[in-house]
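Letter by letter, the chains look like this.
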Amino acid sequence: MKKKYKIVFIVLSILLIISVFICYRICKYNEKEVRNKQRKEFLVNLEKKKREGLVRMGERIIITNDDEFLHKKSKAVENFDEKLSVLIDDMIETLHKKEDAVGLAAVQIGILKNVIVIDVGQGVLEIVNPSIVEKKGEQIEYEGCLSYPEIYKKVKRPAYVKVKAYDRNGKEYTIEGEGLLARALCHEIDHLNGIVFLDRAISD
Ligand code: CO
């Protein structure tokens, strides 16, 4: 009789251990499922936010090879919101990732908005909805463009320009530029009008 109890006890103990083990595995499996589901949801959400321009994407791809997109006209920015800030930050990063780059227009990264970033070594200029209000003189220099790597052509530009623009917060300001800055301002504002430097190149 005692021996029988002992066997029953052992069998029950084994069954208990097995069931605890099965429960543990099921719980672990569910935890993993939940974690994976949350992970996927996070990534889907992040991609959605990126598409909506609410989250930074970092360095953007620059359109090259005389793609017809580069000849499209950009539109004025109406909302000075978080999306604009994200775009400007991505544009600055994209510009700074390229050696010797001086300016970048939003159209070059596939966005038809009147947004430009310029850095001629005096800090980054964030230029929204620019318009040239004054031009003086002329200069002829070789010019290049991130969208046309390895191509350099002589282009005639004003020696001095005065540009009215807005910063990312919608505050109006004026930029006065000579030399390289005048050239960069004209080159980038041309981009917003669908004009590339090759359209203005002087044959030599
Ligand atoms: Co360019």
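Above: the structure in question.
Summarised in this report is the structure supplied together with it. Quick caveat: nothing in here was measured; it's all calculated off a predicted structure.

## Some thoughts on the nonpolar core
Move 1: Ranked by internal contacts, the top residues of the largest apolar core, which has 30 residues, are Met91, Ala106, Val115, Val117, Ile118 and Leu185.
Move 2: Tallying contributions element by element places helix 3 (residues 179–192) first for this core, with seven residues.
Move 3: In contact with Ala106, not counting residues within four places along its chain, are Ser74, Leu87, Met91, Ile111, Lys113 and Val115.

## Overview of the pairing of strand 5 (residues 148–157)
Move 1: Where strand 4 (residues 139–145) and strand 5 come together, six bridges link them in antiparallel fashion. Counterpart to Gln139 in the pairing with strand 5 is Arg157.
Move 2: Where strand 4 folds back on strand 5, the antiparallel hairpin that results is connected by two residues.

## Some words on the pairing of strand 6 (residues 160–166)
Move 1: As judged from the six bridges shared by strand 3 (residues 125–136) and strand 6, these two strands associate in the antiparallel manner. Residue pairing across strands places Lys135 opposite Val161, the latter belonging to strand 6.
Move 2: Bridge analysis of strand 6 against strand 7 (residues 172–178) gives seven bridges, and the strand direction is antiparallel. By the bridge assignment for strand 7, Tyr166 is matched with Glu172.
Move 3: Hairpin connection from strand 6 to strand 7: five residues lie between these consecutive antiparallel strands, with Gly170 at a positive phi of about 85°.

About the criteria used
Residues numbered from 1 in each chain as written. Predicted model: local features only at pLDDT ≥ 70, side-chain atom pairs only at ≥ 80, totals over all residues. Core = buried A, V, L, I, M, F, W, Y, C linked by C-beta atoms within 7 Å. Buried ≥ 20, exposed ≤ 12 C-beta atoms within 10 Å, placed from the backbone. Helix = DSSP H or I, 4+ residues; strand = E, 2+ residues; numbered from the N terminus. Contact = placed C-beta atoms within 7 Å. Pairing = 2+ DSSP bridges.

In short, geometric facts, not functional conclusions.
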